[in-house]
Amino acid sequence: MKKLKGNSLLLISELYRKLLAIGLFVLMMFLAFSSNKLIGTIYDLAGFEINIIKSSKVISIAIIIVAFIINVLVAIGIKKSRKTHSKMLLIVILAIVFIFISAFFFIYVKSKYAIMPIIINILMLIGAIRGMSDIKQKRSRNSK
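Residues numbered from 1 in each chain as written. Predicted model: local features only at pLDDT ≥ 70, side-chain atom pairs only at ≥ 80, totals over all residues. Heavy atoms only, no water.

A.B. asks: Mind laying out the overall build of the protein, listing which residues take part and the relevant values?
C.D. replies: Looking only at helices and strands, the protein has 5 helices and 0 strands in total. Order of helices (α) and strands (β) in the protein, N terminus to C terminus: α-α-α-α-α. Taken across its 144 residues, the protein has 30% of its residues classed as buried. Across the protein, the fraction of contacts at a sequence separation of at least 24, relative to all contacts at a separation of at least 6, is 72%. When the accessible surface of the protein is summed, it comes to about 10100 Å², and 73% of that surface belongs to carbon and sulfur atoms. (Helix = DSSP H or I, 4+ residues; strand = E, 2+ residues; numbered from the N terminus. Buried < 20%, exposed > 50% of the residue type's maximum accessible area, 1.4 Å probe, protein only. Contact = heavy atoms within 4.5 Å. Areas by Shrake-Rupley, 256 points an atom, 1.4 Å probe, with all protein chains shown as cover.)

A.B. asks: Describe in detail the nonpolar core, supporting the description with residues and values.
C.D. replies: Considering soluble globular proteins, one finds that nonpolar side chains tend to be buried as a cluster. With 12 residues, the main nonpolar core is built from Leu10, Val74, Ile78, Met88, Ile91, Val92, Ala95, Phe98, Ile99, Met124, Leu125 and Ala128. Residue assignment for this core shows that the elements contributing at least two residues are helix H3 (53-84), helix H4 (88-109) and helix H5 (115-143). (Core = buried A, V, L, I, M, F, W, Y, C linked by side-chain atoms within 4.5 Å.)

A.B. asks: Residues and numbers for the environment of serine 8, please.
C.D. replies: In this structure, serine 8 sits in helix H1 (residues 6-33). You can call serine 8 partly exposed: its relative accessible area is 25%. Through-space distance from the C-alpha of serine 8 to that of arginine 82 is 8.8 Å; in sequence the pair is 74 residues apart.

A.B. asks: I'd love a proper account of the packing of aromatic side chains, names of residues and values included.
C.D. replies: In the structure shown here, the tally under the stated rule is 1 aromatic pair. Centroid distance phenylalanine 25 to phenylalanine 68: 5.9 Å. Interplanar angle 40°. Geometry classified as tilted. Taken together, the positions of phenylalanine 25 in helix H1 and phenylalanine 68 in helix H3 put the pair 43 residues apart, joining distant regions of the chain. Residue classification places phenylalanine 68 among the partly exposed residues on the basis of a relative accessible area of 23%. Cation over ring: arginine 17 sits above phenylalanine 98, and NZ or CZ is 4.0 Å from the ring centre. (Phe/Tyr/Trp six-rings, centres within 6.5 Å; stacked < 30°, edge-to-face > 60°. Lys NZ or Arg CZ within 6 Å of the ring centre and 35° of its normal.)

A.B. asks: Could you give an account of the pattern of salt bridges, with specific residues and numbers?
C.D. replies: For the structure on display, the rule yields 1 salt bridge. With a closest N to O distance of 3.1 Å, lysine 18 and glutamate 14 form a salt bridge. Highlighted residues: lysine 18 and glutamate 14, both in helix H1, separated by 4 residues, approximately one helical turn. Lysine 18 sits in the partly exposed class, given a relative accessible area of 36%. A relative accessible area of 2% means that glutamate 14 is categorised as buried. (Salt bridge = Lys/Arg side-chain N within 4 Å of Asp/Glu carboxyl O.)

A.B. asks: Kindly report on the side chain of serine 60, identifying the contributing residues and their values.
C.D. replies: Among the secondary structure elements, serine 60 is positioned in helix H3. What makes serine 60 buried here is its relative accessible area of 5%. Sequence-distant contacts of serine 60, defined by excluding residues within four places in its chain, comprise Leu31, Ile39 and Tyr43.

Okay, structure coming up:
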């Protein structure tokens, strides 16, 4: 069986981040064009206590915009690190942070489908570590 290189694992996590960013953009558009009462109802069904229905729409859109920007920046960073093999340590740190966020989400939701972000973030971590080892091997070959 052929081993997966760090670049292919980073490609998988980059595609995941891009799909997540597209999903967040669609969710942002849904929130922008939906009524305040609908968003309040969704929060109520999710178990959150929000008394101010009008501000729930603004808060939701702000959270989604921040998540969208973070995911786009991470996807761009992964793409640059795949091509130039730079900023791999940043990708490792982001992967660890995203694993913790995904684990918290998994504990909160308690669904078997919520394990997928954890797996993809672990692939991102493994890919970044393998990319760092590839850089180290290339540097040692060039110095000889």
